[in-house]
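The lines below spell out each chain.
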Number of protein chains: 2
Amino acid sequence: MTGIPQFKDVVDASERLQGHAVATPMLESAVVNRRLGGRLLLKAEPLQHTGSFKFRGAFNRLSRLTVQERSAGVVAFSSGNHAQGVAAAALHLGVPATIVMPSDAPGVKTESTRELGAEVISYDRRRQSREEIAAGLARERGAVLVPSFDDFYVIAGQGTLGLEFIRQASQADACLDELIVPCGGGGLIAGCALAANELSPRTSVFSAEPSRFNDHELSLAEGRKVRNRAGSTSICDALLAPEPGELTFEINRTRLCGGLSVSDDDVCLAMAFAFRHFKLVVEPGGAVALAAVLAGRRKVEGRTIGIVCSGGNVDRKVFADAIGSDGLVG
Amino acid sequence: MTGIPQFKDVVDASERLQGHAVATPMLESAVVNRRLGGRLLLKAEPLQHTGSFKFRGAFNRLSRLTVQERSAGVVAFSSGNHAQGVAAAALHLGVPATIVMPSDAPGVKTESTRELGAEVISYDRRRQSREEIAAGLARERGAVLVPSFDDFYVIAGQGTLGLEFIRQASQADACLDELIVPCGGGGLIAGCALAANELSPRTSVFSAEPSRFNDHELSLAEGRKVRNRAGSTSICDALLAPEPGELTFEINRTRLCGGLSVSDDDVCLAMAFAFRHFKLVVEPGGAVALAAVLAGRRKVEGRTIGIVCSGGNVDRKVFADAIGSDGLVG
């Protein structure tokens with residue numbers, strides 16, 4: 001399928017995922033709401049299969065393979081979460097999967113990908129092109145390449161998170177004033193925006209990014225795709241895409257209200273906050289939306305703010321250091 | 001209400017709690033199931049209001065107060081989780097709450113209790129009797145004392161966790177061969193046993209305890225209440241009750257299949273495992289059932305085992321140390 005996915009494609013994906021993906025819970029804390037003077041609703045996607053939202057898009061994409069494509073298998077490249085999502089969806093559907101992963105990806109992500117039965121091929125992030133390696137493998141094996149964000153079915157699949165979230169909020173008698181979503185290549189937020197714009201048109205959707213990887217914030221402000229400056233680093237290993245995708249930016253350009261960005265310190269405080277108040281393990285990239293709220297980028301007082309915590313695959317040392325940084329939030 | 005609660009009292013509590021307590025999710029991991037060769041279903045109760053199951057029993061008890069009792073308020077004593085559960089239920093229902101807590105309780109528990117609007121009165125665990133302090137306060141203020149486990153409505157309220165769990169398992173096409181539940185005074189497991197025996201009679205129910213606080217294991221083996229030896233310690237601060245309760249043991253004596261016990265090291269490994277595979281923050285006492293499974297106390301291979309993770313209120317240093325202990329489980 002080519003072209004831009006629409007709301008109906010998110011609904012269609014939602015039906016495909018029924019009984020396969022986890023309908024992850026929406027969490028809320030009386031103590032947190034009292035502190036913030038408003039209502040903070042948190043979508044707990046670390047509880048998804050493989051610990052991140054990536055299972056949704058991967059499953060939707062793989063569920064469309066023809067019988068012939070299924071037997072030749074799939075190839076994907078990923079810093080980690082998409083790898084696991086594709087591996088788990090492939091395992092579920094009995095499709096062979098090969099994943100190209102950087103040699104410096106968090107150990108927990110590469111190990112889990114292997115445990116899900118996928119073949120993992122490592123490459124050097126600074127010297128090799130993962131795109132070329134993956135394309136070569138796909139050609140050689142006749143396998144289908146599954147992009148991590150810039151794909152019709154992947155975007156529609158990620159959108160099921162937004163669909164669920166809006167419905168869960170509604171069941172809790174809440175209407176989101178704002179929805180803040182972590183953003184790397186922009187697939188998750190594009191899908192969520194399709195759902196939110198249709199089901200809850202008064203909800204403003206904002207992207208959240210690490211401050212030196214704020215390509216969406218800059219691109220939205222300028223109305224055209226802007227690349228991140230090369231050579232930056234962030235602990236948010238899941239959000240290091242160099243620029244917005246083609247398809248995703250086509251959607252996000254008109255549907256988002258703007259971009260927010262946060263420092264790595266803000267992210268660590270947010271991870272500590274989620275540990276303490278929501279008992280949830282959130283990885284750095286998964287915590288940027290919560291970080292944006294806690295750092296005061298958007299006002300919660302007197303309002304209802306929805307934030308997506310998009311993943312929880314974090315090495316224990318990084319997590320232990322982050323919860324040790326909890327100085328400001330008690 | 002006096003006497004022993006029955007299954008119908010758990011159902012009644014479940015109706016009271018509807019829309020107030022969180023129907024916490026049941027979690028499952030493909031990687032974990034592959035490793036264990038069976039099906040492990042985990043009830044994620046750290047996601048309950050106040051981070052533990054205690055809200056259930058407290059809410060059920062407080063919802064039965066007369067108008068006069070509500071205005072005089074409630075008193076409870078607790079090492080932490082029951083404190084927060086009573087405080088949150090009281091806040092919910094507009095009832096004043098006073099909580100007697102040991103001065104060495106985890107800081108996260110006392111702070112959260114205060115933030116929920118309760119008055120906290122500290123005492124020295126080694127030199128003062130919390131029972132006497134609480135009874136004195138109740139007398140003085142005309143307040144109702146809310147016991148942490150040995151109470152008709154508290155037991156029935158905790159049982160709603162078991163009711164939910166059995167139903168969630170059934171929706172996932174699973175029938176539990178065994179259900180393993182953390183056990184301090186025995187209120188949670190008593191309520192869960194009432195639900196399991198009725199809805200899933202083939203499910204064997206086991207208690208899990210720290211090895212030097214295995215009063216249920218010993219009591220079940222001997223058929224009479226046995227006290228723990230004095231002077232022991234454990235990191236499982238929520239499970240330090242000296243002996244089974246009167247009401248709870250009356251239920252547990254005939255309904256449980258036996259007791260399991262684990263070391264503090266087993267508990268730390270289980271906390272690390274829940275962090276890694278379920279993205280869930282579990283406190284030491286909340287992790288004993290998972291610890292029993294991982295330590296091989298019960299066989300998972302070819303079977304379906306339900307475990308309750310009962311709470312997640314843990315200081316960050318304890319948690320950071322525990323996830324650092326993850327040597328054996330990768």
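Refer to the structure presented above.
Treat the numbers as computed from the prediction; the structure is a model and nothing was measured. (Residues numbered from 1 in each chain as written. Chains lettered and ligands numbered in written order. Predicted model: local features only at pLDDT ≥ 70, side-chain atom pairs only at ≥ 80, totals over all residues. Heavy atoms only, no water.)

Draft legend 1. Main features of the overall build of chain A. Looking only at helices and strands, chain A has 14 helices and ten strands in total. Rg of the C-alpha trace for chain A: 18 Å, near the compact-globule value of 20 Å for 330 residues, within the 12% margin. Along the longest, intermediate and shortest principal axes, the C-alpha atoms of chain A span 55 × 40 × 40 Å. Evaluated residue by residue, chain A yields a buried proportion of 63% over its 330 residues. Restricting the contact set of chain A to residue pairs at least 6 apart, pairs at least 24 apart contribute 76%. Roughly 12,100 Å² of accessible area belongs to chain A as shown, and the carbon and sulfur atoms make up 47% of that amount. Counting 36 positive and 37 negative side-chain charges, chain A places the centres of these two groups 2 Å from one another. (Helix = DSSP H or I, 4+ residues; strand = E, 2+ residues; numbered from the N terminus. Rg over C-alpha atoms; globule rule 2.2 N^0.38 Å. Buried < 20%, exposed > 50% of the residue type's maximum accessible area, 1.4 Å probe, protein only. Contact = heavy atoms within 4.5 Å. Areas by Shrake-Rupley, 256 points an atom, 1.4 Å probe, with all protein chains shown as cover. Lys, Arg positive; Asp, Glu negative; His and termini not counted. Charge placed at Lys NZ, Arg CZ, Asp CG, Glu CD.)

Draft legend 2. Region of interest: the sheet that holds strand 7 (residues 178-182) of chain A. All names here are of chain A. Pairing within the open sheet is mixed, and its six strands lie in the order 1-2-10-7-8-9. A strand with exactly one partner marks an edge of an open sheet, and here the two such strands are strand 1 (26-27) and strand 9 (258-262). The pairing of strand 7 with strand 8 (residues 204-210) spans five bridges and is classified as parallel. Across the sheet, residue leucine 179 finds its bridge partner in strand 8, namely valine 205. (Pairing = 2+ DSSP bridges.)

Draft legend 3. Summary view of helix 10 (residues 215-222) of chain B. Residue and element names in this part refer to chain B. Residues Asp215, His216, Ser219 and Leu220 constitute the buried set of helix 10. Along the axis of helix 10, the buried residues cluster in a sector spanning 125°; they form a single face. The secondary structure elements touched by the buried residues of helix 10 are strand 8 (204-210), helix 11 (246-255) and strand 9 (258-262). Looking at the residues trailing helix 10, positive phi occurs at glycine 223, about 75°. (Arc of directions from axis to C-beta.)

Draft legend 4. Highlighting the interface of chain B and chain A. On the chain A side, the residues contacting the 35 residues of chain B number 35 residues. Buried surface at the junction of chain B and chain A, summed over both partners, amounts to about 2,800 Å²; 60% is from carbon and sulfur atoms. By the criterion of area lost to chain A, the three top residues of chain B are Glu115, Lys279 and Arg316 of chain B, representing 27% of everything that side buries. Viewed at the interface, chain A and chain B are joined by four salt bridges. The interface formed by chain B and chain A holds 14 residue pairs in polar contact (both at pLDDT 80 or more) in total. For the side of chain B that touches chain A, the elements supplying multiple residues, two or more each, are helix 2 (30-36), helix 6 (107-115), helix 12 (264-278) and helix 14 (316-323) of chain B. (Buried area = accessible area lost by both parts, 1.4 Å probe. Salt bridge = Lys/Arg side-chain N within 4 Å of Asp/Glu carboxyl O. Polar contact = N/O pair within 3.5 Å; in protein donor to acceptor, adjacent residues only side chain to side chain.)

Draft legend 5. Broad picture of helix 8 (residues 152-171) of chain A. Residues and elements named next belong to chain A. For helix 8, with 20 residues, the first-to-last C-alpha span of 29 Å sits near the 28 Å given by 1.5 Å per residue. A large share of helix 8 lies buried, amounting to 17 of its 20 residues. Among the residues of helix 8, the N-terminal cap falls to aspartate 151, whose side-chain oxygen and the backbone nitrogen of tyrosine 153 are separated by 2.9 Å. (Expected span 1.5 Å × (residues − 1).)

Draft legend 6. Quick peek at the pairing of strand 7 (residues 178-182) of chain B. All names here are of chain B. Across the five residues that make up strand 7, a large majority, five, are buried. Handedness of the crossover joining strand 7 and strand 8 through helix 9 (residues 187-199) is recorded here as right-handed. Bridge count between strand 7 and strand 10 (residues 304-309): three bridges; the pairing is parallel. Residue pairing across strands places glutamate 178 opposite isoleucine 305, the latter belonging to strand 10. (Right-handed = clockwise from strand over helix to strand, strands pointing away.)

Draft legend 7. Fine view of the side chain of asparagine 228 of chain A. Residues and elements named next belong to chain A. Here asparagine 228 is to be found in the loop between helix 10 (215-222) and helix 11 (246-255). A residue is classified by how much of its surface remains accessible, and asparagine 228, at 12% relative accessible area, is buried. Within the structure, the side chain of asparagine 228 is placed 2.9 Å from the side chain of aspartate 215, a separation counted as a polar contact. A polar side-chain atom of asparagine 228 sits 3.1 Å from the main-chain carbonyl oxygen of alanine 241. Ignoring sequence-local partners within four residues, the contact set of asparagine 228 consists of Arg212, Phe213, Asn214, Asp215, Ala241, Pro242 and Glu243.

Draft legend 8. Up close: the pattern of salt bridges. Residue and element names in this part refer to chain A. Taken as a whole, this structure holds 46 salt bridges over all chains when the rule is applied. A salt bridge links aspartate 151 to arginine 61, with the shortest nitrogen-to-oxygen separation between them at 3.8 Å. Linking aspartate 151 in the loop between strand 6 (144-145) and helix 8 with arginine 61 in helix 3 (residues 54-62), this pair joins segments that are 90 residues apart in sequence. Accessibility classification places aspartate 151 together with arginine 61 in one group, the buried group. Each of the salt bridges in this network shares a partner with another, and the network as a whole consists of Lys43, Glu45, Arg56 and Glu164.

Draft legend 9. Layout of the nonpolar core. In terms of nonpolar packing, the biggest core is built from 80 residues, with Ile307 and Phe319 of chain A together with Ile307 and Phe319 of chain B touching the most fellow members. Apart from residues no more than four positions distant in its own chain, isoleucine 307 of chain A is found in contact with Leu40, Leu41, Leu42, Lys43, Phe165, Ile180, Ala289, Leu290 and Val293 of chain A. Leu17, Phe59, Ala90 and Ala118 of chain B belong to the second largest nonpolar core, which has 27 residues in total. (Core = buried A, V, L, I, M, F, W, Y, C linked by side-chain atoms within 4.5 Å.)

Draft legend 10. Fine view of the relation of the copies chain B and chain A. Least-squares fitting of chain B to chain A yields an RMSD of 0.0 Å, with the superposition described by an axial translation of 0.0 Å and a rotation of 180°. Accordingly, the operation relating the two chain copies is best matched by a two-fold axis. Of the interface residues in chain B, 100% have counterparts in chain A that sit at the interface too, so the contact is made through matching surfaces. (Least-squares fit on C-alpha atoms with pLDDT ≥ 70 in both.)

Draft legend 11. Inspection of the sheet that holds strand 2 (residues 39-44) of chain B at higher detail. Residue and element names in this part refer to chain B. An order of 1-2-10-7-8-9 is seen for the six strands of this open sheet, with the pairing classed as mixed. Of all the strands in the sheet, just strand 1 (26-27) and strand 9 have a single pairing partner and so form its edges. For strand 1 and strand 2, the ladder comprises two bridges, and the chain directions are antiparallel. Across the sheet, the residue bridging to methionine 26 is lysine 43, located in strand 2.

Draft legend 12. Highlighting the packing of helix 12 of chain B against helix 14 of chain B. Residues and elements named next belong to chain B. Direction vectors running N to C along helix 12 and helix 14 enclose 90°, while the axes themselves pass 8 Å from each other. Here helix 14 runs roughly perpendicular to helix 12, going by the angle between their axes. Counted together, Cys268, Met271, Ala272 and Phe275 of helix 12 and Phe319, Ala322 and Ile323 of helix 14 form the full contact between these two elements. Grouping the amino acids of the contact of helix 12 with helix 14 by side-chain chemistry returns seven nonpolar, no polar and no charged. (Axes fitted to C-alpha atoms, helices over the stretch in contact; angles between N-to-C directions. Parallel < 35°, antiparallel > 145°, perpendicular 65-115°, else oblique. Nonpolar A, V, L, I, M, F, W, Y, C, P; charged D, E, K, R; others polar.)

Draft legend 13. Expanded view of the packing of aromatic side chains. All told, the structure shown has nine aromatic pairs over all chains when counted by the stated rule. Their ring planes at 70° and their centres at 6.1 Å tell us that phenylalanine 319 of chain A and phenylalanine 319 of chain B sit as a pair that is edge-to-face. Here phenylalanine 319 of chain B lies in helix 14 and phenylalanine 319 of chain A lies in helix 14 (residues 316-323), a pairing that spans two chains. The two residues phenylalanine 319 of chain A and phenylalanine 319 of chain B agree in class, both being buried. Three or more aromatic residues joined by ring pairs form one cluster here, namely Phe275 and Phe319 of chain A together with Phe275 and Phe319 of chain B. (Phe/Tyr/Trp six-rings, centres within 6.5 Å; stacked < 30°, edge-to-face > 60°.)

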